[in-house]
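One-letter residues, chain by chain:
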Amino acid sequence: MEVEAAKLIGAGLAVVGLGGVGAGIGNIFSSMIASGARNPAAIPTVQGFMWIGFALVEAVALYALLIALLLLFVF
Amino acid sequence: MAQTAEQTVGEGTAAASELTEIEHAEQAHGPLEQFEIKALTGAEGDQLQFYHFTNSSLFMVIGLALVAGILLLGMRRGHLVPTRLQSVAEISYEFIANMIRDNVGHEGRKYFPFIFTLFMFVFAGNMLGMLPYSFTYTSHIVVTFAMAAVVFIGVTAIGFAKHGLHFFSFFLPAGVPVFLAPLLIPIEVLSYFTRPVSLALRLFANMTAGHTMLKVFAGFIAPLGIVGGIVPLALVAGLTGLELIIAFLQAYVFTILSCVYLNDALHLH
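Numbering of residues starts from 1 in each chain and follows the order in which that chain's sequence is written. As they are written, the chains are lettered A onward and the ligands numbered 1 onward, keeping that order. The predicted origin of the model limits local features to residues at a pLDDT of at least 70 and limits the giving and counting of side-chain atom pairs to 80 or more, whereas totals for whole chains, interfaces and linings rest on all residues.

### A few points about the overall build of chain A
Strands here are runs of E lasting at least two residues and helices are runs of H or I lasting at least four, both read from the DSSP assignment and numbered beginning at the N terminus. Of regular secondary structure, chain A possesses three helices and zero strands. If you list the helices and strands of chain A from N to C, you get α-α-α. Throughout, radius of gyration means the C-alpha value; the globule benchmark is 2.2 Å times the number of residues raised to the power 0.38. For 75 residues, the compact-globule formula gives about 11 Å, and the C-alpha radius of gyration of chain A, at 18 Å, lies well above that figure. Each principal axis of the C-alpha atoms in chain A carries an extent, and together these give about 60 × 15 × 5 Å. By the convention adopted here, residues are in contact when the distance between their C-beta atoms, placed from the backbone, does not exceed 7 Å. Here the analysis covers contacts within chain A between residues at least 6 apart in sequence; of these, 81% occur between residues at least 24 apart.

### A short note on the overall build of chain B
Along chain B, the regular secondary structure elements total nine helices and zero strands. The helix and strand sequence of chain B, counted from the amino end, reads α-α-α-α-α-α-α-α-α. For the exposure call, what matters is how many other C-beta atoms sit within 10 Å of a residue's own: 20 or more marks it buried, 12 or fewer exposed, and in between partly exposed, using C-beta atoms placed from the backbone. Buried positions account for 25% of the 269 residues belonging to chain B. Partitioning the contacts of chain B with sequence separation of at least 6, the portion at a separation of at least 24 is 58%.

### What about the packing of helix α7 (residues 181-221) of chain B against helix α9 (residues 230-266) of chain B?
All names here are of chain B. To get an axis, a line is fitted to the C-alpha atoms, and for a helix only the part in contact is used. The angle between two axes follows their N-to-C directions and goes from 0 to 180 degrees. Between α7 and α9, whose axes approach to 10 Å, the crossing angle comes to 170 degrees. Accordingly, the angle class assigned to the pair α7 and α9 is roughly antiparallel. Of the residues in α9, those in contact with R195, L199, L203, N206, G210, M213, L214, F217, A218, F220 and I221 of α7 are P232, L233, L235, V236, L239, T240, E243, I246, Q250, F254, L257 and Y261. Put simply, Ala, Val, Leu, Ile, Met, Phe, Trp, Tyr, Cys and Pro go in the nonpolar bin, Asp, Glu, Lys and Arg in the charged bin, and everything else, Gly too, in the polar bin. Across the contact of α7 with α9, the residue classes break down as 17 nonpolar, four polar and two charged. In what follows, roughly perpendicular refers to angles from 65 to 115 degrees, roughly parallel to angles under 35, roughly antiparallel to angles over 145, and oblique to any angle outside these ranges.

### Things to note about unusual backbone geometry
A positive phi angle is found at B:Y133, which is not glycine, with a value near 65 degrees. Along the polypeptide, B:Y133 turns up in the loop between α5 (112-128) and α6 (141-163).

### Remarks on the environment of B:G159
All names here are of chain B. Position of G159 among the secondary structure elements: in helix α6. Separated by 103 residues in sequence, G159 and L262 place their C-alpha atoms 8.2 Å apart. Ignoring anything within four residues of it in the chain, the contact list for G159 reads F167 and A265.

### Focus on the packing of helix α4 (residues 84-103) of chain B against α5(B)
All names here are of chain B. Running from N to C, α4 and α5 cross one another at 125 degrees; their axes reach a closest spacing of 10 Å. Classified by the interaxial angle, the pair formed by α4 and α5 is oblique. The interaxial crossing formed by α4 with α5 has right-handed handedness. Two secondary-structure elements touch here, α4 through I96, A97 and I100 and α5 through F112, I115, F116 and F119. Here the contact of α4 with α5 is built from residues that sort into seven nonpolar, no polar and no charged. Throughout, a crossing is termed right-handed when the near helix is turned clockwise from the far one, and left-handed when it is turned anticlockwise from it by less than a right angle.

### Overview of the confidence of the model for chain A
When pLDDT is averaged across chain A, the result is 91; 100% of the residues are at 70 or more. Mean pLDDT values over the elements of chain A span from 87, in helix α3 (residues 43-73) of chain A, up to 95, in helix α2 (residues 18-38) of chain A. The quantity known as pLDDT measures the predictor's confidence residue by residue, on a range of 0 to 100.

### What about the confidence of the model for chain B?
Residue and element names in this part refer to chain B. For chain B, the average pLDDT comes to 87, and 89% of its residues sit at 70 or higher. Ranking the helices and strands of chain B by mean pLDDT puts α5 first, with 96, and helix α1 (residues 2-10) last, with 47. Contacts for the low-pLDDT stretch residues 5-18, under 50 throughout, to residues beyond four places or in other chains number 14 contacts. The model gives residues 21-27 a pLDDT under 50, and that stretch makes nine contacts with residues more than four places away or in other chains. The ipTM for the predicted assembly is 0.78, set against a pTM of 0.84.

### Remarks on the nonpolar core
Most often, soluble globular proteins keep nonpolar side chains buried together rather than apart. Residue and element names in this part refer to chain B. Formed by 47 residues in total, the largest nonpolar core has its most connected members in F119, V122 and F254. A total of twelve residues in this core trace back to one element, the largest contributor, which is α9. Among all residues touching V122, those that are not within four sequence positions of it are T138, L203, A251 and F254. Buried Ala, Val, Leu, Ile, Met, Phe, Trp, Tyr and Cys residues form a nonpolar core when they are connected through C-beta atoms within 7 Å.

### Digging into the environment of B:A265
Residue and element names in this part refer to chain B. Note on placement: A265 falls in helix α9. Judged by C-beta crowding, with 20 C-beta atoms within 10 Å, A265 ranks as buried. The spatial distance from the C-alpha of A265 to the C-alpha of L48 is 39 Å, given a sequence separation of 217 residues. Those residues in contact with A265 that lie beyond four places of it in its chain are V155, T156, I158 and G159.

Written out as structure tokens, the structure reads:
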């Protein structure tokens, strides 16, 4: 198999991890909505954690993108 | 494409191969061209040297001037009822001061100038990148890794200065059975060393991926014409809004994680 073809296949496979990231982000916001619906007074407290959690999970998505770009443009 | 691949295998660094890729891609219109560092001084076609004033340095100076300007001009006359610019300066001060008080506690107050500078530098860099034809200096791993390395080395040094060799007890949390220690300690040490890497990588990847995505979708607008181009245009408008949120969020997350690491060093768990 040519190196070029292997690179493209590898880059495509690297993006499969984003399924888990989607589940993670959905989890964060669903628990935020659920806890906000039960206890609206707690929303300001939980909001900070929500944004931090979202940024951390999104970072994993970008690590997967980084591997894909690494495979395509560096190797 | 195969010729480029063979050329890039010969070279060692990511930066060099990215430049080769850009040279062989469509000139000046590829999505990765915006990340190229260009020297603004010196003759055309020179090799980039460390003393050249680059577009990255220019935007760092602009960011610095912006932040310093807002703070100095805003607080020029400290009215009791703040003017608008003074409000901006006071809000930014309070935001970081509250963050430090909530995450580090009382001893964190002496690290306020460092954390404030960190936040303002990253925030200015991310926001300046949203202007058309500008350069995002936080989209280069060398910049973000330098900042993350400073935070990591600084925080570790602070930990050793405060606790001495007792700092190593950080890697064995209290209440852990002794037979688990040989398994747990290497894991804890490894996760401690991935902190600067993840800190740097998160900011770099967010900025690079966001701007690349914007460029790619923007490149679809003109070829699709007036009617078909509405869809990519709406997408780019939405993505720009998302990128503005991400710009602030990534600066906030970088800073708050630095505060958390500082807290770990000051009060071991």
